[in-house]
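# Structural characterization, general
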Amino acid sequence: MEAISLKCPNCGAVLTVPDIYIGRTSKCGRCRQVVSITPPREESPDRAKRDMRYVDWPNFLLNVALATLLIVLLGILASYLI
Ligand SMILES: [Zn+2]
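For every chain, the first residue of the written sequence is number 1, and numbering continues from 1 onward in sequence order. Local features in a predicted model are, by the rule used here, given only for residues with pLDDT of at least 70; side-chain atom pairs are given and counted only at 80 or more, and totals for whole chains, interfaces and linings are based on all residues.

The subject of this paragraph is the overall build of the protein chain. Within the protein chain, the secondary structure is distributed over one helix and four strands. Each helix corresponds to a stretch of at least 4 residues labelled H or I by DSSP, and each strand to a stretch of at least 2 residues labelled E; elements are numbered beginning at the N terminus. Reading the protein chain from its N end, one meets helices and strands in the order β-β-β-β-α. To sort residues by burial, count the other C-beta atoms lying within 10 Å of each one's C-beta; a count of 20 or more means buried, 12 or fewer means exposed, and anything in between means partly exposed. C-beta atoms are built from the backbone. Counting every position in the protein chain, which comprises 82 residues, the buried fraction comes to 2%. Contact criterion: two residues are in contact if their C-beta atoms, reconstructed from the backbone, are within 7 Å. For the protein chain, the proportion of contacts with a sequence separation of at least 24, taken over those separated by at least 6, is 14%.

See below:
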(Lines give C-alpha, C1' and ligand atoms only; values in the text may rest on other atoms or scores of the structure.)
Protein backbone atom coordinates (compact mmCIF):
# COMPACT_ATOMS: atom_id res chain seq x y z
CA MET A 1 0.00 0.00 0.00
CA GLU A 2 1.30 3.37 -0.99
CA ALA A 3 0.20 6.84 -0.11
CA ILE A 4 -0.60 9.11 -3.00
CA SER A 5 -0.74 12.87 -3.02
CA LEU A 6 -3.34 14.80 -4.87
CA LYS A 7 -4.33 18.39 -5.03
CA CYS A 8 -7.74 19.63 -4.02
CA PRO A 9 -9.17 21.24 -7.17
CA ASN A 10 -11.03 23.73 -5.03
CA CYS A 11 -8.41 25.14 -2.67
CA GLY A 12 -5.18 23.56 -3.87
CA ALA A 13 -4.43 21.80 -0.60
CA VAL A 14 -2.36 18.66 -0.97
CA LEU A 15 -4.19 15.60 0.31
CA THR A 16 -2.36 12.39 1.09
CA VAL A 17 -4.46 9.25 0.89
CA PRO A 18 -3.67 5.52 0.68
CA ASP A 19 -3.74 4.30 -2.91
CA ILE A 20 -6.48 1.77 -2.07
CA TYR A 21 -8.85 4.75 -2.21
CA ILE A 22 -8.12 5.39 -5.88
CA GLY A 23 -11.39 5.64 -7.75
CA ARG A 24 -13.28 6.74 -4.65
CA THR A 25 -13.88 10.18 -3.27
CA SER A 26 -12.49 11.92 -0.24
CA LYS A 27 -13.15 15.19 1.47
CA CYS A 28 -10.57 17.90 1.46
CA GLY A 29 -9.31 18.51 4.96
CA ARG A 30 -9.21 22.23 4.41
CA CYS A 31 -12.31 23.20 2.47
CA ARG A 32 -14.42 20.02 2.80
CA GLN A 33 -14.73 19.84 -0.99
CA VAL A 34 -15.42 16.31 -2.24
CA VAL A 35 -12.34 15.29 -4.19
CA SER A 36 -12.28 12.27 -6.49
CA ILE A 37 -9.10 10.30 -5.90
CA THR A 38 -7.30 9.66 -9.13
CA PRO A 39 -4.00 7.85 -9.65
CA PRO A 40 -0.94 10.04 -9.23
CA ARG A 41 0.10 12.01 -12.25
CA GLU A 42 2.26 9.59 -14.10
CA GLU A 43 0.62 10.61 -17.32
CA SER A 44 3.79 11.78 -18.98
CA PRO A 45 5.33 8.28 -19.39
CA ASP A 46 1.95 7.08 -20.70
CA ARG A 47 1.82 9.98 -23.07
CA ALA A 48 5.37 9.23 -24.17
CA LYS A 49 4.34 5.61 -24.76
CA ARG A 50 1.38 6.80 -26.79
CA ASP A 51 3.68 9.07 -28.76
CA MET A 52 6.04 6.14 -29.34
CA ARG A 53 3.11 4.15 -30.68
CA TYR A 54 2.48 6.94 -33.15
CA VAL A 55 6.13 6.86 -34.12
CA ASP A 56 5.93 3.08 -34.50
CA TRP A 57 3.07 3.30 -37.01
CA PRO A 58 5.16 4.28 -40.06
CA ASN A 59 7.70 1.64 -38.99
CA PHE A 60 4.98 -0.98 -38.87
CA LEU A 61 3.70 0.05 -42.30
CA LEU A 62 7.25 -0.07 -43.64
CA ASN A 63 7.66 -3.61 -42.29
CA VAL A 64 4.37 -4.67 -43.88
CA ALA A 65 5.45 -3.07 -47.16
CA LEU A 66 8.81 -4.84 -47.02
CA ALA A 67 7.14 -8.18 -46.23
CA THR A 68 4.71 -7.70 -49.13
CA LEU A 69 7.58 -6.81 -51.45
CA LEU A 70 9.46 -9.93 -50.33
CA ILE A 71 6.41 -12.12 -51.03
CA VAL A 72 5.98 -10.52 -54.47
CA LEU A 73 9.68 -11.02 -55.25
CA LEU A 74 9.46 -14.66 -54.14
CA GLY A 75 6.41 -15.04 -56.38
CA ILE A 76 8.29 -13.61 -59.35
CA LEU A 77 11.26 -15.84 -58.56
CA ALA A 78 8.99 -18.88 -58.31
CA SER A 79 7.36 -18.07 -61.68
CA TYR A 80 10.82 -17.89 -63.25
CA LEU A 81 11.79 -21.25 -61.77
CA ILE A 82 8.65 -23.02 -62.96
ZN1 LIG B 1 -9.77 21.92 -0.54
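All right, on to unusual backbone geometry then. For R32, which is not a glycine, the phi torsion comes out positive at approximately 65°. With respect to the helices and strands, R32 occurs in the loop between β3 (25-27) and β4 (34-36).

Turning to the environment of T25, a few remarks are in order. Along the chain, T25 turns up in strand β3. With 9 C-beta atoms packed within 10 Å, T25 lands in the exposed category. Sequence separation of T25 and V35 is ten residues, and the distance between their C-alpha atoms is 5.4 Å.

The subject of this paragraph is the pairing of strand β2 (residues 14-18). Where burial is concerned, little of β2 is hidden: zero out of the five residues are buried. Hairpin connection of strand β1 (residues 3-7) to β2: six residues between the antiparallel strands, including G12 at a positive phi of 85°. By definition, two strands form a pair when at least two bridges between them are found by DSSP.

In this section: the pairing of β1. Examined bridge by bridge, β1 and β2 share five bridges and lie antiparallel to one another. Each bridged residue has a counterpart across the sheet, and for S5 the counterpart in β2 is T16.

These figures capture arrangement, not role.
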